[in-house]
Amino acid sequence: MILPYTKDDAPMRKARGIVRNLQQAGWYLPAGILLFLVFVYPVLRTLVLSFLHVNLESGFQPVFAGLSNFGRLVSDTRFYRSMQATLVFVSVSVLLEFVLGLALALALEQLKRSGRFFRTLLLIPWTLPTAIIAILWMWFFNDQYGAVNDLLLRLNVIEAPVAWLAQPRSAMAAIILADVWKAFPFVLIVLVAGIQAIPREMYEALEIDGGTYWHKFRYVTLPHLLPFIFVAVIFRIIQAFAVFDLVFVLTGGGPGGKTETISVYSYYTFLRYMDFGYGSALVLVLAGLLALIGWTLYTLLLRHYEPGR
Amino acid sequence: MICVWSLIPVVWCGLASLKSSEELARIPATLLPADFTLQHYIELFTRRPFAAYYINSLVVSSLSAFLCVAAAGLASYRLARSPKRFRSAVSSSLLVMAFFPPIVLLFPVYEIIRMFGLVNQPWGLILPYAALNLPFATWLLTGYMELIPYELEEAAAVDGLGPFAIFRRIVAPLAMPAMTSAFLLVFIFSWNEFMFALTFMNLESARTLTAGMATLSGAFSQEIPWGLLAAGVMASTIPLILAVFVFQRKIVAGLTAGGIKE
């Protein structure tokens, strides 16, 4: 009586195992569906599109294009210009955000109690919607009604109102200023968390040895803070590379396309010129470049950090 | 000093939103409003579809934050209880997704949304927002769930609770602080998102605040109604400013946990 039962047990166990696996998968199902629809499928679709011509010319019928979208990219001066604008934007704004963030994180640490209150105030720009704040900046830099001109005229720095957003250099400076305003608090908050994680005894030990403030910074704060600095800067570089809202609202890429970043150019390619094949090639290059930068910085971080541990 | 620099644009805007249009056009500009007026705010809600923007933003942000945290909660609980190899593999792919430039996803997601007939529907933004923030939320929650001791779950299992009941009655309440942080951050990110909102919502009545405000500012070629824009900026940012003050600790906790965990 027992024998046939055990004979049947193997497939039963297998079935039960499958049920258990299905149950296990159930936990991941909602997240999996969402990620598939918004990340996995779109990336594959973009890959496919980049090898096709899908535009007004082809009547939006997919025509195999081989590598011609990428070939076009190589000789596209507008692509190079947008790359240059993006690189200028990323390097200057991230550098400024880092310097400001670090300086302020060190200063807030000195303040102790009231530091928390200031940190809250500083958090505000980071949480506000960029697209809406960009309208505010547009107003500040307006040549007739802008506060920037008003202030500089009163201080006699300039003699006549300047149309800040109408000149390439000052327009880029305005975009960078607006981005620094918004994003340096993020660097600050990550670095403050880093500073707070440093054991107090390390400083006390240095104090006994007669270390100056510089010594404390150089031999205790900086080495401990390095991984935090890396994380904050990697975050910012990657986010700044994909900058869209600020440029789109503040200048629309102008004047003369001099502030058009790669995201904005891609957006126009998709939604204004309706060139979906070429747009896909553009965004893939952006993604590839970011992956390269991210990977380089990450290995750099690991190399610097791991051996010391 | 720096705090002043951080706040001055907002304060300036708040003051400007209370000035009359004539005063705003005056040169040189005044600092404090000479004749205090609420006309811009009234105009915003009566003559512009600002109330619709507001409701859309609220609905989209809260539902996407809820959906995102729920999906992330389920996944991260299993993830926190799975073998380390699997966990770190998933974590690194989540990291890659979290850093993905949204412009890459925009067009294919638009195709999907259109296929499901969700253009100009709140769900057309809720689903993408929930998904876009999912990697970050899962990452945040997994770190926290790893800290919840197994013993509690074992005890509950002995008491005859099923896996889902254990999650709902034991793990989820314990993970509440992290879930609140995640909810707040996803809410803020969704409230602030612009590119998808601009592309997917082309009816005036379907727009969220960011897309609505940006098109409002671009809709005037000649005389830009600064007072109206200032009032709009204030009305759409005040809820966030309040949230920062009330939940500052939670927001910082979420940001730093997300930023520091490697």
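Residues numbered from 1 in each chain as written. Chains lettered and ligands numbered in written order. Predicted model: local features only at pLDDT ≥ 70, side-chain atom pairs only at ≥ 80, totals over all residues.

**Some remarks on the overall build of chain A**
Here's step 1: Counting secondary structure elements, chain A contains 12 helices and 2 strands.
Here's step 2: When the helices and strands of chain A are placed in sequence order, the string is α-β-β-α-α-α-α-α-α-α-α-α-α-α.
Here's step 3: Its C-alpha atoms give chain A a radius of gyration of 27 Å, more than 25% over the compact-globule value 19 Å for 309 residues.
Here's step 4: Overall, the C-alpha framework of chain A stretches about 100 × 70 × 30 Å when taken along its three principal axes.
Here's step 5: In chain A, which comprises 309 residues, the proportion classed as buried is 39%. (Helix = DSSP H or I, 4+ residues; strand = E, 2+ residues; numbered from the N terminus. Rg over C-alpha atoms; globule rule 2.2 N^0.38 Å. Buried ≥ 20, exposed ≤ 12 C-beta atoms within 10 Å, placed from the backbone.)

**Some thoughts on the overall build of chain B**
Here's step 1: In terms of helices and strands, chain B carries 13 helices and 0 strands.
Here's step 2: Mapped from its N terminus to its C terminus, chain B presents α and β elements in the order α-α-α-α-α-α-α-α-α-α-α-α-α.
Here's step 3: Along the longest, intermediate and shortest principal axes, the C-alpha atoms of chain B span 75 × 45 × 30 Å.
Here's step 4: Intrachain contacts of chain B at a sequence separation of at least 6 include 77% that bridge at least 24 residues. (Contact = placed C-beta atoms within 7 Å.)

**Concerning unusual backbone geometry**
The bulk of non-glycine residues show a negative phi, and the bulk of peptide bonds are trans.
All names here are of chain A.
Here's step 1: Notably, F60 is not glycine yet its phi reads approximately 60°, a positive angle.
Here's step 2: If you trace the backbone, F60 turns up in the loop between β1 (52-53) and β2 (63-64).
Here's step 3: Since 11 C-beta atoms lie within 10 Å of it, F60 is described here as exposed.
Here's step 4: Although it is not a glycine, M274 sits at a positive phi angle of roughly 50°.
Here's step 5: Within the secondary structure layout, M274 lies in the loop between α11 (262-271) and α12 (276-305).
Here's step 6: For M274, a count of 13 C-beta atoms within 10 Å corresponds to the partly exposed category.

**Some thoughts on the domain arrangement of chain B**
The accessible area lost on association of the parts is a frequent measure of interface size.
All names here are of chain B.
Here's step 1: Its domain assignment divides chain B into domain 1 (1-37) and domain 2 (43-260).
Here's step 2: On a C-alpha basis, the centroid separation for the pair domain 1 and domain 2 is 32 Å.
Here's step 3: Taken together, the contacts link 7 residues of domain 1 with 6 residues of domain 2.
Here's step 4: Going through the elements one at a time, α1 (2-16) and α2 (21-25) are the ones with two or more residues in the side of domain 1 that touches domain 2.
Here's step 5: Of the residues that constitute the side of domain 1 that touches domain 2, the class distribution is 3 nonpolar, 3 polar and 1 charged. (Domains from an automatic or database assignment. Nonpolar A, V, L, I, M, F, W, Y, C, P; charged D, E, K, R; others polar.)

**Re the packing of helix α7 (residues 168-196) of chain A against helix α9 (residues 213-241) of chain A**
A pair of packed helices is characterised by two quantities: the angle between their axes and the separation of those axes.
Residue and element names in this part refer to chain A.
Here's step 1: One can describe the packing of α7 onto α9 by two numbers: an axis separation of 9 Å at closest approach and a directional angle of 150°. Here α7 lies roughly antiparallel to α9, going by the angle between them. α9 is crossed by α7, and the crossing has right-handed handedness. Contacts between α7 and α9 pair D179, A183, V187, V190, L191, G194 and I195 from the former with T221, H224, L225, F228, I229, V231, A232, R236 and A240 from the latter.
Here's step 2: Among the residues forming the contact of α7 with α9, the class breakdown is 11 nonpolar, 3 polar and 2 charged. (Axes fitted to C-alpha atoms, helices over the stretch in contact; angles between N-to-C directions. Parallel < 35°, antiparallel > 145°, perpendicular 65-115°, else oblique. Left-handed = near helix turned anticlockwise from the far one by under 90°.)

**Quick look at the domain arrangement of chain A**
Here's step 1: Parsing chain A into structural domains produces domain 1 (2-50) and domain 2 (68-305).
Here's step 2: Taking only C-alpha atoms into account, the centre of domain 1 of chain A sits 42 Å from that of domain 2 of chain A.

**Some points on the nonpolar core**
Here's step 1: Counting residues in each nonpolar core, the largest one holds 171 residues, and the members touching the most others are I135(A), L250(A) and A182(B).
Here's step 2: Top contributing element to this core by residue count: α7(A), with 17 residues.
Here's step 3: If we skip the residues at most four places from it in the chain, L250(A) touches A134(A), W137(A), M138(A), L165(A), A174(A), I175(A) and A178(A). (Core = buried A, V, L, I, M, F, W, Y, C linked by C-beta atoms within 7 Å.)

**A word on the interface of chain B and chain A**
Here's step 1: Contacts between chain B and chain A engage 63 residues on the former and 63 residues on the latter.
Here's step 2: Counting residues per element, the ones that place at least two in the side of chain B that touches chain A are α1, α4 (50-80), α6 (102-115), α7 (123-145), α10 (176-192), α11 (195-200), α12 (209-218) and α13 (226-260) of chain B.
Here's step 3: Ranked by the residues each element gives to the side of chain B that touches chain A, the list is headed by α13(B), at 16 residues.

**Considering the environment of L302(A)**
Residue and element names in this part refer to chain A.
Here's step 1: Along the chain, L302 falls in helix α12.
Here's step 2: Judged by local crowding, L302 falls into the partly exposed class, with 13 C-beta atoms found within 10 Å.
Here's step 3: Distance from L302 to Y265, taken between C-alpha atoms, is 34 Å for residues 37 residues apart in sequence.

**Remarks on the confidence of the model for chain A**
Here's step 1: Put simply, chain A has an average pLDDT of 85, and 94% of its residues get 70 or more.
Here's step 2: The element-level mean pLDDT for chain A is lowest in helix α4 (residues 113-127) of chain A, coming to 78, with α11(A) highest at 93. (pLDDT = per-residue confidence, 0-100.)

**Comments concerning the packing of α11(A) against α6(B)**
Here's step 1: In contact at an axis separation of 10 Å, α11(A) and α6(B) are set at 15° when each is read in the N-to-C sense. Judged by the inter-axis angle, α11(A) sits roughly parallel to α6(B). In the crossing of α11(A) with α6(B), the sense of the turn from one axis to the other is right-handed. Judged by residue contacts, S263(A), S266(A), Y267(A) and F270(A) of α11(A) engage I103(B), L106(B) and F107(B) from α6(B).
Here's step 2: Across the contact of α11(A) with α6(B), the residue classes tally to 5 nonpolar, 2 polar and no charged.

**Quick notes on the environment of N156(A)**
Here's step 1: As for its placement among the helices and strands, N156(A) is situated in the loop between α6 (147-154) and α7.
Here's step 2: C-alpha separation for the pair N156(A) and G257(A), spaced 101 residues apart in sequence, amounts to 31 Å.

**A word on the environment of A175(B)**
Residue and element names in this part refer to chain B.
Here's step 1: By the secondary structure assignment, A175 is in the loop between α9 (163-174) and α10.
Here's step 2: Separated by 44 residues in the primary sequence, A175 and A131 place their C-alpha atoms 21 Å from one another.
Here's step 3: Setting aside its immediate chain neighbours within four residues, A175 contacts G73, L141, Y144, M145 and I148.

**Examining α10(B)**
Along an α-helix, residues three or four apart share an orientation, since each turn contains 3.6 residues.
Here's step 1: The terminal C-alpha atoms of α10(B) lie 24 Å apart, and with 17 residues this matches the ideal 24 Å at 1.5 Å per residue to within 8%.
Here's step 2: Of all 17 residues in α10(B), 14 are buried; the element is thus mostly enclosed. (Expected span 1.5 Å × (residues − 1).)

**Digging into the confidence of the model for chain B**
Here's step 1: For chain B, per-residue confidence averages 85 on the pLDDT scale, and 91% of positions sit at 70 or higher.
Here's step 2: For this predicted complex, the interface score ipTM comes out at 0.86, while the overall pTM is 0.88.

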